[in-house]
Amino acid sequence: NTLCTNTAGSYTCSCQSGFQKSQSGCSDIDECSVSQGLCGANSKCANTQGSYSCGCNDRYEADQNGECKLTGIPTKYEIRRVKAGASITIGFNVNIQQPQTTVEWHLANGTIKSAAISSTGAYTVMLSNIQKKDEGNYTLLVKKSTVLQSMWTVNVQVDAPEAILTTSEKEHLHQEGSDVLLVAISSVANLAGEISWFGPKGEEITSIGRFTISSNQTASSLLIQSAVMADEGKYICATLNQGSKTGQVEFNVTITANQKSTSSSGSNTTLLIGVVLGCILLVCLVIAGVILLDMRRWDAKKVFLL
């Protein structure tokens, strides 16, 4: 298991590929132990002298891409569509006659639970008050020892009910600088994550700066702090389903100028006008004084000449 390389006046020895130096010379490297996961999912690694080989686990076969896929066992796959809030029972009739056989449910949220047989002879799992978070595959596995014997899967898809949004106040009149609170009430619970707000230009609003969105199971609110004239317009609260609006309520927001600010502005304008008029009057007086002084000097010259 070594390689000899001639050099000028001497030679060197090295181990062949798949071998490593040891006290006895060159020994085999167990690639399967040194590097985990060499063969990929659902496969097993076998060490050989100077190399290794890969094979699929029991009940698996390599496909055209070399990946080990489950085969050779009874399988079943079906899709169940249900409305949010409904309750359903998923079950399969399994005839188990072999000892050391276990039956277990693999739920959509990743948990595993032992399956109990019902009075009808089926292995069932019940889902109550189903919501969007309960979507996914529910799989019943039958194993003898650790070897998979059969697999049945139900893919549960939840159709969210169409929400009706309402409000007790659609028209909002506020002074500039005050806070504006818009509240939309949903007829359907558990839709907080599917509600969006849109501004006067159709832009989607997020909680940033002066805008704060708060939602719970039955309502959503938009708070506009220290409103300015540019905040005026139509606001929409809508429920979204795959990006499309399925229900909405509109709010009309009108912002009026702050009276204190208007009064202060008017006072400042009046003061400015007074100052300007005063300056003009002063200039006129100075000019008149200069003219009068020149006239007196001219009269004095006439008397002197006479």
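As shown above, the structure is provided for reference.
The notes below deal with the structure included here.

Cut-offs applied
- Residues numbered from 1 in each chain as written.
- Predicted model: local features only at pLDDT ≥ 70, side-chain atom pairs only at ≥ 80, totals over all residues.
- Heavy atoms only, no water.
- Helix = DSSP H or I, 4+ residues; strand = E, 2+ residues; numbered from the N terminus.
- Buried < 20%, exposed > 50% of the residue type's maximum accessible area, 1.4 Å probe, protein only.
- Contact = heavy atoms within 4.5 Å.
- Areas by Shrake-Rupley, 256 points an atom, 1.4 Å probe, with all protein chains shown as cover.
- Pairing = 2+ DSSP bridges.
- Phe/Tyr/Trp six-rings, centres within 6.5 Å; stacked < 30°, edge-to-face > 60°.
- Polar contact = N/O pair within 3.5 Å; in protein donor to acceptor, adjacent residues only side chain to side chain.
- Salt bridge = Lys/Arg side-chain N within 4 Å of Asp/Glu carboxyl O.
- Core = buried A, V, L, I, M, F, W, Y, C linked by side-chain atoms within 4.5 Å.
- Axes fitted to C-alpha atoms, helices over the stretch in contact; angles between N-to-C directions.

**A short note on the overall build of the protein**
A count of helical and extended segments in the protein gives two helices and 24 strands. The buried share among the 306 residues of the protein stands at 25%. Contacts in the protein between residues far apart in sequence, at least 24 positions, make up 53% of those at least 6 positions apart. About 20,100 Å² of surface is accessible on the protein, with carbon and sulfur atoms providing 53% of the total.

**A few points about unusual backbone geometry**
Its identity is not glycine, yet Asn129 carries a phi of approximately 45°, on the positive side. Counting through the fold element by element, Asn129 comes out in the loop between β13 (122-127) and β14 (136-144). With relative accessibility at 46%, the residue Asn129 sits in the partly exposed group. Positive phi, close to 50°, is recorded for Ser226, a residue that is not glycine.

**A word on the sheet that holds strand β18 (residues 180-186)**
Taken together, the four strands give an open sheet; going across it, the order is β16-β18-β22-β21, and neighbouring strands pair in antiparallel fashion. Each edge of the open sheet carries a strand with a single partner, namely β16 (165-166) and β21 (211-215). As judged from the two bridges shared by β16 and β18, these two strands associate in the antiparallel manner. For Thr166, the partnering residue across the bridge sits in β18 and is Ile185.

**A word on the environment of Ser14**
Within the secondary structure, Ser14 sits in strand β2 (residues 10-15). Expressed as a C-alpha distance, the spacing of Ser14 and Leu3, which sit eleven residues apart in the sequence, is 5.1 Å.

**Focus on the packing of aromatic side chains**
Under the counting rule described, the total for this entry stands at three aromatic pairs. Put simply, the rings of Phe92, Trp105 and Trp152 pair up and form one aromatic cluster.

**A word on the environment of Val154**
Its place among the elements puts Val154 in strand β15 (residues 147-159). In sequence terms Val154 and Glu78 are 76 residues apart; their C-alpha atoms lie 5.0 Å from each other. With residues near it in sequence (within four places) discarded, Val154 still touches Glu78, Arg80, Ile90, Phe92, Gly136, Asn137 and Tyr138.

**A few points about the side chain of Ser220**
By the element assignment, Ser220 lies in strand β22 (residues 219-224). Separated by 2.9 Å, the side chains of Ser220 and Trp197 make a polar contact. A distance of 2.8 Å separates polar atoms of two side chains, one belonging to Ser220 and the other to Ser215. Residue contacts for Ser220: discarding those within four places in its chain leaves Leu182, Val183, Ala184, Ile195, Trp197, Ile213, Ser214, Ser215 and Cys237.

**With respect to the pattern of salt bridges**
Enumeration according to the criterion identifies six salt bridges in this entry. Its salt-bridge partner being Lys133, residue Asp134 comes within 3.5 Å of it at the nearest N-O pair. When its relative accessible area of 18% is taken as the criterion, Asp134 is described as buried. Looking at Lys133, the relative accessible area reads 70%, which means it is exposed. Across the salt bridge formed by Arg210 and Asp231, the nearest N and O atoms sit 2.9 Å from each other. In this pair, Arg210 is assigned in the loop between β20 (204-205) and β21 and Asp231 in the loop between β22 and β23 (233-241), connecting sequence segments 21 residues apart. Residue Arg210 is classed as partly exposed on the basis of its relative accessible area, which comes to 29%.

**Re the nonpolar core**
Ile90, Phe92, Trp105, Leu140 and Val156 are the most contacted members of the largest nonpolar core, which has 20 residues in total. The residues touching Ile90, leaving out its near neighbours within four places in the chain, are Trp105, Tyr123, Thr124, Val125, Leu127, Tyr138, Val154 and Val156. Formed by 17 residues, the second largest nonpolar core is a distinct cluster that contains Ile205, Ile224, Tyr235 and Phe251.

**Examining the sheet that holds strand β11 (residues 101-106)**
Reading across the sheet, the five strands line up as β9-β15-β14-β11-β12 and stay open at both edges, with mixed pairing between neighbours. At either margin of the open sheet sits one strand with a lone partner, and together these are β9 (75-83) and β12 (112-114). Along the sheet, successive strands turn relative to each other by an average axial angle of 20°, direction set aside. Looking at chain direction, β9 and β15 are connected through nine bridges and run parallel. Bridged to Arg81 within β15 is Gln157.

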